[in-house]
Amino acid sequence: MGAKDALLNALLLAAKRFSLGPPQLLTQICLALSALMLHAVEHGKPIEKLFCSLQRLENHDEGNIAVLEMLTVLPEVVEDQNTDYRTSSSQRREYGRELLSHTSVVLEFLHRQSDMSFDSSIQLQGRHRKILRCLLSWVRAGCFSEIPPNSLAGHPLLSFVFNSLQVSSSFDLAIEVLTELVSRHEGSQRMAWYAVKKMDLKPSLTQK
């Protein structure tokens with residue numbers, strides 16, 4: 001095992017170990033893990049290798065928390081490559097294509113996470129915020145770019161976003177996700193405003 005592979009495994013273990021620790025620490029571990037993979041030139045498809053590694057974390061709830069954070073920061077790290085002089089334009093385009101090739105896997109993972117139940121409402125609200133943060137990162141990366149607006153309106157994750165508008169703890173992130181969708185996808189404006197008009201937002205607004 002090479003030095004970078006050893007470091008990769010160490011960071012994956014650290015991500016799982018500290019998934020229930022300080023959020024800032026988990027974020028820093030995931031940022032380091034993403035940066036390491038993207039600069040490991042010996043891996044022809046670094047993002048694909050990273051996704052294979054993340055599958056090993058999904059067996060336990062602590063692992064799912066680490067995967068959520070990893071999937072949240074990964075699009076941001078890929079986007080940051082656009083300002084990295086060491087990364088060629090062809091590499092940047094390849095990173096973007098490789099990232100979006102995993103869209104269906106990511107959206108299915110987020111959907112499964114949104115269906116999970118918890119004994120504590122605080123745990124549930126915290127998990128929903130993590131899901132919305134992750135979805136926001138992928139919307140900004142263009143995860144819905146190939147989905148027609150008519151199909152987008154019926155996507156189960158959009159129902160999750162609209163339902164999150166009813167909860168004060170997730171209201172702000174749900175609005176951010178909808179704002180990104182409206183600004184990036186032609187035809188989504190009508191879908192978003194129609195859904196918002198059909199919902200009673202007074203509880204969320206008054207709780208804020």
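Since the model is a prediction, treat every value here as computed from it, not as a measurement.

Quick notes on the rules
- Residue numbers restart at each chain and count upward from 1, following the sequence in its written direction.
- Restriction of local features to residues with pLDDT of at least 70 applies here, the model being predicted, together with a cutoff of 80 or more for giving and counting side-chain atom pairs; totals for whole chains, interfaces and linings are based on all residues.
- Each side-chain value is worked out from all heavy atoms of the structure, with water and hydrogens disregarded.
- Confidence scores per residue from the predictor, reported as pLDDT, run from 0 to 100.
- Should any heavy atoms of two residues lie within 4.5 Å, those residues are considered in contact.
- Among buried residues, the Ala, Val, Leu, Ile, Met, Phe, Trp, Tyr and Cys ones that are joined through side-chain atoms within 4.5 Å form a nonpolar core.
- Exposed residues in this analysis have more than 50% of their type's maximum accessible area, buried residues have under 20%, and partly exposed residues fall in between, with area computed by a 1.4 Å probe over protein chains only.
- Numbering of helices and strands starts at the N terminus; helices are DSSP runs of H or I of at least 4 residues and strands are runs of E of at least 2.
- Salt bridge, as used here, is a side-chain nitrogen of Lys or Arg placed within 4 Å of a carboxyl oxygen of Asp or Glu.
- A pocket, in this scheme, is an open set of points on a 1 Å grid over the protein atoms alone with protein on both sides within 12 Å along at least 5 of 7 lines, while a cavity is a set where a 1.4 Å probe fits but cannot get out; residues line either one if an atom lies within 4 Å of a point.
- Grid points are joined across faces, edges and corners, and a volume is the space filled by probe spheres set on the points.
- Residue polarity follows a fixed list, in which Ala, Val, Leu, Ile, Met, Phe, Trp, Tyr, Cys and Pro are nonpolar, Asp, Glu, Lys and Arg are charged, and the others, Gly among them, are polar.
- Fitted lines through C-alpha atoms give the axes, limited to the stretch in contact for helices. The angle between two N-to-C directions lies from 0 to 180 degrees.
- Residue count minus one, scaled by 1.5 Å, sets the expected span of a helix.
- An arc is given here, and it is the one of the directions from the helix axis to the C-beta atoms.

Quick look at the confidence of the model for the protein
- Taken residue by residue, the protein gives an average pLDDT of 81. The fraction at 70 or more is 81%.
- Per-residue pLDDT stays below 50 along residues 202-208; that stretch engages in 11 contacts with residues further than four places along the chain or on separate chains.

Side note on the nonpolar core
- With 55 residues, the main nonpolar core has Leu71, Leu110, Leu135, Trp138, Phe144, Val177 and Leu181 as its most contacted residues.
- A total of 10 residues in this core trace back to one element, the largest contributor, which is helix H4 (residues 61-80).
- Apart from the residues lying within four places of it in its own chain, the contact partners of Leu71 are Phe51, Leu54, Val106, Phe109, Cys134 and Trp138.

What to know about the pattern of salt bridges
- The final tally for this structure, using the stated rule, is 5 salt bridges.
- Among the ionic pairs, Glu94 bridges to Arg97, the shortest N-O distance being 3.0 Å. A residue pair is termed a helical-turn pair when its members lie 3 or 4 positions apart in one helix, as Glu94 and Arg97 do in helix H5 (residues 89-100) at 3 residues.
- Given the relative accessible area of 30%, Glu94 is considered partly exposed.
- Judged by its relative accessible area of 52%, Arg97 is exposed.
- Taking the shortest distance from any N to any O, the salt bridge between Arg140 and Glu176 comes out at 3.4 Å. Taken as a pair, Arg140 in helix H7 (residues 121-141) and Glu176 in helix H10 (residues 171-184) lie far apart in primary sequence, 36 residues in all.

Looking at the layout of surface pockets
- Taken as a whole, the largest pocket holds about 360 Å³ of empty space.
- Lining the largest pocket are 18 residues, with Ser19, Leu20, Ile65, Gly126 and Lys130 sitting closest to its centre.
- Listed by contribution, the elements that provide at least two residues to the lining of the largest pocket are helix H2 (23-38), H4 and H7.
- Here the lining of the largest pocket gets 7 residues from one element, more than from any other, and that element is H7.
- Broken down by class, the residue content of the lining of the largest pocket amounts to 7 nonpolar, 5 polar and 6 charged.
- In this structure, the second largest pocket spans a volume of roughly 260 Å³.
- Elements with a contribution of two residues or more to the lining of the second largest pocket: H4, H5 and H7.
- Ranked by residues supplied to the lining of the second largest pocket, first place goes to H5 with 5 residues.

Overview of the packing of helix H3 (residues 46-54) against H5
- Interhelical geometry of H3 versus H5 gives an angle of 30 degrees and a closest axis separation of 8 Å. For the pair H3 and H5, contact is made by Pro46, Ile47 and Glu48 and by Tyr95, Glu98 and Leu99, respectively.
- A breakdown of the residues in the contact of H3 with H5 according to their chemical character gives 4 nonpolar, no polar and 2 charged.

Considerations on helix H6 (residues 103-114)
- Taking 1.5 Å of rise per residue, 12 residues should cover 16 Å, and H6 covers 16 Å from first to last C-alpha, within 8% of that figure.
- Within H6, the full set of buried residues consists of Thr103, Val106, Leu107, Phe109, Leu110, Gln113 and Ser114. Taken down its axis, H6 places every buried residue within 160 degrees of arc, on the same side.

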